[in-house]
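One-letter residues, chain by chain:
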There are 2 protein chains.
Amino acid sequence: MNQHDTNHALQSLNSLLGNRFTTDDAIRDAHARDASYHRGALPVAVAFPNSNTEVAEIVKICAKHRMPLVPYGTGTGVEGAVIASEGALSVSLKNMDSILHVSESDRDATVQAGVTRLKLNTHLADIGTKLHFPVDPGADASLGGMAATRASGTSAVAYGTMQDNTLNLTVVTATGKIMHTGSRARKSAAGYDLTRLFIGSEGTLGIITEVTLKLTRLPEAVAAAVCAFPTINDAVNTVISLLENGIRLARIELLDELQMDAVNKYAGLNCKVAPTLFFEFHGSSQAVAESSKAAGVVASKHGGADFHWATEEAERKRLWQARYDSYYAACNLRPGSVGYVTDVCVPISQLAKCIAKTKALLETSDMVATLLGHVGDGNFHVVFPLEPNNRDEIAKAQNLSRQIVDIALDMNGTCTGEHGIGIGKREALAKEHSDAINLMRDIKNTLDPGNIMNPGKIFNL
Amino acid sequence: MNQHDTNHALQSLNSLLGNRFTTDDAIRDAHARDASYHRGALPVAVAFPNSNTEVAEIVKICAKHRMPLVPYGTGTGVEGAVIASEGALSVSLKNMDSILHVSESDRDATVQAGVTRLKLNTHLADIGTKLHFPVDPGADASLGGMAATRASGTSAVAYGTMQDNTLNLTVVTATGKIMHTGSRARKSAAGYDLTRLFIGSEGTLGIITEVTLKLTRLPEAVAAAVCAFPTINDAVNTVISLLENGIRLARIELLDELQMDAVNKYAGLNCKVAPTLFFEFHGSSQAVAESSKAAGVVASKHGGADFHWATEEAERKRLWQARYDSYYAACNLRPGSVGYVTDVCVPISQLAKCIAKTKALLETSDMVATLLGHVGDGNFHVVFPLEPNNRDEIAKAQNLSRQIVDIALDMNGTCTGEHGIGIGKREALAKEHSDAINLMRDIKNTLDPGNIMNPGKIFNL
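Heads up: these notes are all about the structure in this document. (Residues numbered from 1 in each chain as written. Chains lettered and ligands numbered in written order. Predicted model: local features only at pLDDT ≥ 70, side-chain atom pairs only at ≥ 80, totals over all residues. Heavy atoms only, no water.)

**Some words on the sheet that holds strand β1 (residues 21–22) of chain A**
All names here are of chain A. Ordered by their spatial adjacency, 4 strands build an open sheet running β1-β2-β4-β3, and the pairing between neighbours is mixed. The open sheet has two edge strands, β1 and β3 (69–72), and neither has a second partner. Inspection of the sheet shows strand β2 (residues 45–47) paired to strand β4 (residues 89–92) by 3 bridges, in the parallel sense. Within β4, the position partnered with Ala-47 by the bridge is Val-91. (Pairing = 2+ DSSP bridges. Helix = DSSP H or I, 4+ residues; strand = E, 2+ residues; numbered from the N terminus.)

**Brief notes about the interface of chain A and chain B**
By a widespread convention, an interface's size corresponds to the accessible area lost as its parts come together. With 79 residues of chain A at the interface, the matching set in chain B holds 79 residues. Counting the surface chain A buries against chain B, the share from its top three residues, Lys-187, Ala-189 and Tyr-192 of chain A, is 15%. For the interface between chain A and chain B, the tally reads 4 salt bridges. At the junction of chain A with chain B, the criterion picks out 31 residue pairs in polar contact (both at pLDDT 80 or more). Those elements giving two or more residues to the side of chain A that touches chain B turn out to be β9 (178–180), α7 (194–198), α8 (232–244), α10 (285–301), α15 (426–432) and α16 (437–447) of chain A. (Contact = heavy atoms within 4.5 Å. Buried area = accessible area lost by both parts, 1.4 Å probe. Salt bridge = Lys/Arg side-chain N within 4 Å of Asp/Glu carboxyl O. Polar contact = N/O pair within 3.5 Å; in protein donor to acceptor, adjacent residues only side chain to side chain.)

**A word on the pattern of salt bridges**
Going through the model one piece at a time under the given rule, you end up with 51 salt bridges over all chains. In this structure, Lys-187 of chain A and Asp-377 of chain B form a salt bridge, with 3.5 Å as the shortest nitrogen-oxygen distance. With Lys-187 of chain A in the loop between β9 and α7 and Asp-377 of chain B in the loop between β18 (370–374) and β19 (379–386), the pair connects residues from two separate chains. Note that Arg-334 of chain B and Glu-387 of chain B form a salt bridge whose closest N and O atoms lie 3.3 Å from each other. Of this pair, Arg-334 of chain B sits in the loop between α12 (326–332) and β16 (338–341) while Glu-387 of chain B sits in the loop between β19 and α14 (391–410); the two residues are 53 residues apart in sequence, bridging distant segments of the chain. Among the residues examined, Arg-334 of chain B registers a relative accessible area of 22% and is labelled partly exposed. Connected through shared salt-bridge partners, Arg-117, Asp-136, Arg-251 and Glu-280 of chain A make up one network. (Buried < 20%, exposed > 50% of the residue type's maximum accessible area, 1.4 Å probe, protein only.)

**Focus: helix α13 (residues 351–363) of chain A**
At 3.6 residues per turn, the α-helix brings residues three or four places apart onto the same side. Residues and elements named next belong to chain A. If you check α13, its first and last C-alpha atoms are 18 Å apart, about what 13 residues at 1.5 Å a residue would give, namely 18 Å. Where α13 is concerned, the buried positions are Leu-351, Ala-352, Cys-354, Ile-355, Thr-358, Lys-359, Leu-361 and Leu-362. Contacts made by the buried residues of α13 are with α8, β13 (251–255), α9 (257–267), β18 (370–374), β19 (379–386) and α14 (391–410). (Expected span 1.5 Å × (residues − 1).)

**Comments concerning the side chain of Asn-168 of chain B**
All names here are of chain B. Residue placement: Asn-168 occurs in strand β8 (residues 166–173). A polar side-chain atom of Asn-168 sits 3.4 Å from the main-chain amide nitrogen of Thr-181. From its side chain, Asn-168 meets the backbone nitrogen of Gly-182 in a polar contact 2.7 Å long. When sequence neighbours within four positions are dropped, the list of residues in contact with Asn-168 reads His-180, Thr-181, Gly-182, Ser-183, Thr-195, Glu-210, Val-211 and Thr-212.

**Concerning the relation of the copies chain A and chain B**
For these two chains of identical sequence, chain A goes onto chain B by a turn of 180 degrees and a shift of 0.0 Å along the axis, with RMSD 0.0 Å. Taken together, the rotation and translation relating the two chain copies correspond to the operation of a two-fold axis. The residues that chain A uses at the interface reappear at the interface of chain B in 100% of cases, marking a shared surface. (Least-squares fit on C-alpha atoms with pLDDT ≥ 70 in both.)

**Let's talk about the environment of Gly-417 of chain B**
Relative to the assigned elements, Gly-417 of chain B resides in the loop between α14 and α15 (426–432). A relative accessible area of 1% places Gly-417 of chain B in the buried class. Sequence spacing of Gly-417 of chain B and Leu-100 of chain B is 317 residues, and the spatial spacing of their C-alpha atoms is 30 Å. Filtering out sequence-adjacent residues up to four positions away, Gly-417 of chain B remains in contact with Lys-187, Ser-188 and Ala-189 of chain A together with Ser-152, Asp-343, Cys-345 and Asn-379 of chain B.

**Looking at the sheet that holds strand β4 (residues 89–92) of chain B**
The strands making up a sheet are joined through hydrogen bonds of the backbone, oriented either antiparallel or parallel. All names here are of chain B. Strands sit in the order β1-β2-β4-β3 across an open sheet of 4 strands; the sheet is mixed. Of all the strands in the sheet, the pair left with one neighbour each is β1 (21–22) and β3 (69–72). Where β1 lies against strand β2 (residues 45–47), 2 bridges are found, and the strand directions are antiparallel. Counterpart to Thr-22 in the pairing with β2 is Val-46.

**As for a negative patch on the surface**
On the surface, Glu-220 and Glu-290 of chain A together with Glu-220 and Glu-290 of chain B cluster together into a patch of negative charge. Turning to its location among the elements, Glu-290 of chain B is positioned in helix α10 (residues 285–301). For Glu-290 of chain B, a relative accessible area of 35% puts it in the partly exposed group. (Patch = residues over 30% accessible without salt bridge, like charges linked within 9 Å, V, L, I, M, F, W, Y side chains within 5 Å. Areas by Shrake-Rupley, 256 points an atom, 1.4 Å probe, with all protein chains shown as cover. Lys, Arg positive; Asp, Glu negative; His and termini not counted. Charge placed at Lys NZ, Arg CZ, Asp CG, Glu CD.)

**Focus on the packing of aromatic side chains**
Residue and element names in this part refer to chain A. A full pass over the atoms with the stated rule returns 20 aromatic pairs over all chains. Judged by centre distance (5.2 Å) and plane angle (85 degrees), the ring pair of Tyr-327 and Tyr-328 falls under edge-to-face. Given a relative accessible area of 47%, Tyr-328 falls into the partly exposed group. Over the ring of Trp-320 we find Arg-251; its NZ or CZ atom is 5.7 Å from the centre of that ring. (Phe/Tyr/Trp six-rings, centres within 6.5 Å; stacked < 30°, edge-to-face > 60°. Lys NZ or Arg CZ within 6 Å of the ring centre and 35° of its normal.)

**Points about the packing of helix α8 (residues 232–244) of chain B against helix α13 (residues 351–363) of chain B**
Residue and element names in this part refer to chain B. Running from N to C, α8 and α13 point in directions that differ by 155 degrees, and their axes come no closer than 9 Å. By the angle class used here, α8 and α13 are roughly antiparallel. Relative to α13, α8 is oriented so that their crossing is right-handed. The residues of α13 that touch α8, namely those facing Ile-232, Asn-233 and Val-236, are Leu-351, Ala-352, Ile-355 and Lys-359. Class assignment for the residues of the contact of α8 with α13 results in 5 nonpolar, 1 polar and 1 charged. (Axes fitted to C-alpha atoms, helices over the stretch in contact; angles between N-to-C directions. Parallel < 35°, antiparallel > 145°, perpendicular 65-115°, else oblique. Left-handed = near helix turned anticlockwise from the far one by under 90°. Nonpolar A, V, L, I, M, F, W, Y, C, P; charged D, E, K, R; others polar.)

**As for unusual backbone geometry**
All names here are of chain B. With a phi angle near 45 degrees, Arg-107 is a residue other than glycine that sits in the positive phi range. In this structure, Arg-107 sits in the loop between β5 (99–103) and β6 (108–112). Classification of Arg-107 by relative accessible area gives buried; the value is 15%. Here the phi dihedral of Glu-202 falls at roughly 55 degrees; this positive angle occurs in a residue that is not glycine. Mapping Glu-202 onto the fold places it in the loop between α7 (194–198) and β10 (206–214). Residue class for Glu-202 comes out buried when judged on its relative accessible area of 6%.

**Considerations on α16 of chain A**
Of the residues making up α16 of chain A, those classed as buried are Ile-437, Leu-439, Met-440, Ile-443, Lys-444 and Leu-447 of chain A. Relative to the axis of α16 of chain A, the buried residues are bounded by an arc of 160 degrees and lie together on one face. Elements in contact with the buried residues of α16 of chain A: α7 and α15 of chain A together with β8, β9 (178–180), α7 and α16 (437–447) of chain B. (Arc of directions from axis to C-beta.)

**Things to note about the side chain of His-374 of chain A**
Examined against the element boundaries, His-374 of chain A turns out to sit in strand β18. Setting aside chain neighbours within four positions, we find His-374 of chain A in contact with Gly-153, Thr-154, Ile-252, Glu-253, Arg-323, Asn-379, His-381 and Glu-418 of chain A together with Lys-187 of chain B.

Spelled out as structure tokens, the structure:
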């Protein structure tokens, strides 16, 4: 696009949005970054629409003037999916934060895309329901952003991912049409599954403006525990055995010894510095008691020791907060650093081998690196605390990340379990889906022939 | 296509497949129909490929000579998705019935598309696993066909649909490329979700040749019961209350009084002729005992009487066989008839109202009609036993079906919960997704520009 086009687009956007449209440098700069080391171009401006109609009008203006758009939620992603590209408008969904509908009988809720998961869960408690939205990526991300990223997190082993918990989306297409992808029915066989096509599309096919989610009953009882193991292999084999025996796990997280050391220091815990599993059980009091007991027996068979129960809610929350803060704890190992996080997922039978190969690889480098994972799903991360702007360290981390992806792909795994592609995993996606990526590109070209919807993300065209 | 093209295509197919290619009239006729009243054209021939490569070669021959292809599984669908169109080749996946891989640790299996669900479950028992594939549409359908239809059935309330239980597909595209849509990882955020784009695409985007499925542990204990209610409303409110209270149901099926009468007659049961719920509970012995007891209490609050438990496996199987045979039982009300089955799904809060409106509508007609449903999902069917080839009766059933769809759509529901679109619901789909259907058509045109993959199904282009 040329300057003439840009100026016309900015004038029209200004008329449409007034003071909910800005070219302020600090605000533009905030929309050039996410939670990672990735940095984008400064967006030409940032828009803060209030409604589906305003989003549609914005898209029409951008389409007319060939100005790219980048949807922006809470900026908690880590693969650069929401950072601006050259000449792009950043469209923040922040103002679209209304909870539109909650049905207790249907156990569903419809929210605007900017509503965060904690806001929804607080609301569900405030209005007296016994329901919650269980998908939990750690960060208090927006539900639209979570849908766009196909997010999951610690609770996916029990409750599934955004893919499993979304009934319907409102989407603004590349031509500015407002469209519904599904219905409020719990299931449907009506035509192509556009809901799941847009989930994980990272804003490249359209902008998600509303999300209808399945809700789940709050568990009657919750129990949490940590348990240290002699080796990571023992910890992983414990998880495999628990799953094979049908023991219901609400969360099952692995932290390696360095990550435990980091967590101890950051959160003031006093856990053993060893490969450790964090457990959480949900259910009736009786079911939780049974599962906890069974888990203890299985863990001890695999050398699990110091099985430490958090029975009080405060202690349980403190323990899990320590887990949630793992990323910051890892960065705290090198004060002033920013984390580079990898993300692969393999069949669980391959997990111990994949982690062993990854650890062996990390030992060949001089990088500080912690390892943690949602092991019930076969999903794990390596966190490299990097000096910001140290290109050499970033290049080393990228190189190691590429090799970890190769290890996972060799084991029938995927290059990303939950962080998405953004700009950081484009090469990895092309490797994983060498036979399907052209079909993905064809879909992108069909739905967005002008390539204005978050161009350059997922793949370069 | 012209006769010249057809002849060339048939010659090439004959060279490729030898005696696994036929123009026999009886075989062609069998591939012009499914389990419903729908009748297609006679396919020009029927091919029985053995491998992905052969399917790819068939597609290439068809693409070259512009011959349409219709994939055919077990023919147990009811909306005409697999019946042939004019000049089409029917591609039976019957020979592709190998179970390729089972992993107990990963709880997954990879099968060729022609493997039926009972064959897989028998195999899983034979090799000594305690796993099963839980999606259960009643008929012993092929797993490729179930994926293509986005099938579900009686167990979806507990275990989900094909959408929730499929990890990966092998697909032959319209250009004859063999492609994988996913991996064996339990979750992935790697690019567009092609797995779920092909699930429910009814052969219009490509031919599914292999399916990787999530498996589930067999329950330790199973309990079943039937319970009659004064009104359908009471039965539906019982289900809503059970779900709100988090009582785990493995199956929960509603049969109206006429359907119960039909079932009694057909299966030699002696149940009360009243709106009835069929219950099944899965879990540990203790969990099943608790859920069963709790369900009994809730049911009695809603006027449920004659709570009849089937504790012996033989009795339980007999009871559920009676439920599975409901379609045949309904047809048996008019000997020699064939069933016309409707299929809508609404949010469960709307289910009682939707059923009441449907029953009121049926009372305005002179048609025999039974009603039954997977009420835990808000999904129900009306079965009209019709005189075969009675165009007047078919027209009446179609007209009533259209009105039932309108009732469901008015309540934020869908025109099909599980049977798909085929040719029977094309108009309904256009009504339900008036704003999204053009996008679906665009995807079809992009993936199959020659319109050779099951043309005329889902929509006319």
